[in-house]
Amino acid sequence: MKRLLLFSTLSLLIVACVNQKNEKRYLPNEVEKAVYFNMPLADFKALKGSKAEIQDDGMDFRKVFFESVGGTLIEYFGYYFDADNNQPLYEIIIGYNDETTLNSEAVKLLGAPNYKDTEWRFELEKTHDILAWTFKKKLIIVALIPETEWHEEENPE
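Residues numbered from 1 in each chain as written. Predicted model: local features only at pLDDT ≥ 70, side-chain atom pairs only at ≥ 80, totals over all residues. Heavy atoms only, no water.

> I would appreciate a short explanation of the pairing of strand 2 (residues 62–68) in the present structure.
As a general feature of sheets, a regular strand has side chains that alternate between the two faces. In this sheet, strand 2 lies alongside strand 1 (residues 53–55) in antiparallel orientation, the contact comprising 3 bridges. Bridging from a neighbouring strand, isoleucine 54 pairs with phenylalanine 65 of strand 2. The hairpin formed by strand 1 and strand 2 contains 6 residues between the paired strands, and glycine 58 there has a positive phi angle of roughly 80°. In this structure, the hairpin formed by strand 2 and strand 3 (residues 74–82) is closed by a connection of 5 residues, where glycine 70 is found at a positive phi of approximately 65°. (Pairing = 2+ DSSP bridges. Helix = DSSP H or I, 4+ residues; strand = E, 2+ residues; numbered from the N terminus.)

As structure tokens, this is what we get:
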């Protein structure tokens, strides 16, 4: 019986990993592959170490980290985690060097806007829906994870 249970558990894990890898990330390649929406803050800290610095933005419902990149296209990444529960990653801000680069990279990554004329929304079966928009030189991409900032705004009850 233990073997059957072990085999079943391993099978489910393998299927989950394969399905997760087949799901589109909606993040640029410059974001490390190990970073994913719903990633617990503790895992993020273990991965990034001192590369991402915590920032106090005066909002007690979230924890914000910035990682300076200084590349030719991207200046920085901002990572937003919920302050409650397992503190999931629910928002990533990509700071581009200029608006022209931002606009071309956003269309390459996400296609033409498909929501509210200038935004993107992707309804996903296996993970949380994705919402994205641009603001100045930033591309903001959020996962609509229950009990986080954007989920409540986009899904009023």
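Picking up after the structure, the text goes on.
> Please explain helix 2 (residues 41–48) as it appears in this structure.
An α-helical turn contains 3.6 residues, so a residue and the one three or four places further along point in the same direction. Buried within helix 2 are the following residues: Leu41, Phe44 and Lys48. Around the axis of helix 2, the buried residues are gathered within 55° of arc, so they sit on the same side. Among the exposed residues of helix 2, those pointing more than 90 degrees away from its buried face are Ala42 and Ala46. Where helix 2 is buried, its residues meet strand 2 and strand 3. Immediately beyond the C-terminal end of helix 2, within one or two residues, lies glycine 49, with a positive phi of roughly 60°. (Buried < 20%, exposed > 50% of the residue type's maximum accessible area, 1.4 Å probe, protein only. Arc of directions from axis to C-beta. Contact = heavy atoms within 4.5 Å.)

> Got a minute to help me understand the environment of isoleucine 92 in this structure?
Within the secondary structure layout, isoleucine 92 lies in strand 4 (residues 89–96). Excluding residues within four positions of it along the chain, isoleucine 92 makes contact with Leu27, Val31, Val35, Phe37, Gly78, Tyr79, Leu139, Ile140 and Ile141.

> Help me understand a negative patch on the surface in this model?
A surface patch of negative charge is lined by Asp60, Asp84, Glu147 and Glu152. Looking at the secondary structure, you find glutamate 152 in helix 4 (residues 149–154). (Patch = residues over 30% accessible without salt bridge, like charges linked within 9 Å, V, L, I, M, F, W, Y side chains within 5 Å. Areas by Shrake-Rupley, 256 points an atom, 1.4 Å probe, with all protein chains shown as cover. Salt bridge = Lys/Arg side-chain N within 4 Å of Asp/Glu carboxyl O. Lys, Arg positive; Asp, Glu negative; His and termini not counted. Charge placed at Lys NZ, Arg CZ, Asp CG, Glu CD.)

> Got a minute to help me understand unusual backbone geometry in this structure?
The phi angle of most residues is negative, glycine excepted, and most peptide bonds adopt the trans form. One non-glycine residue, asparagine 85, lies in the positive phi region at around 55°. Its place among the elements puts asparagine 85 in the loop between strand 3 and strand 4. For glutamate 147, which is not a glycine, the phi torsion comes out positive at approximately 70°. Inspection of the secondary structure assignment puts glutamate 147 in the loop between strand 7 (138–143) and helix 4.

> What's the story with the nonpolar core in this structure? I'm lost.
In a soluble, globular protein the nonpolar side chains are often hidden away together inside. Judged by nonpolar contacts, the single largest core of 41 residues is most densely connected at Tyr79, Ile92, Leu139 and Ile141. Listed by contribution, the elements that provide at least two residues to this core are helix 2, strand 2, strand 3, strand 4, helix 3 (99–110), strand 5 (120–122), strand 6 (130–135) and strand 7. (Core = buried A, V, L, I, M, F, W, Y, C linked by side-chain atoms within 4.5 Å.)

> Is there a simple way to explain the pattern of salt bridges in this structure?
Two side chains bearing opposite charge may form a pair once their charged atoms approach each other closely. Here the structure, examined in full by the defined rule, presents 8 salt bridges. Between arginine 62 and glutamate 149 there is a salt bridge, and its shortest N-O distance comes to 3.2 Å. Of the two residues, arginine 62 sits in strand 2 while glutamate 149 sits in helix 4, which places them 87 residues apart along the sequence. With a relative accessible area of 15%, arginine 62 lands in the buried category. On the accessibility criterion, glutamate 149 (21% relative accessible area) is partly exposed. Among the ionic pairs, glutamate 105 bridges to lysine 108, the shortest N-O distance being 3.1 Å.

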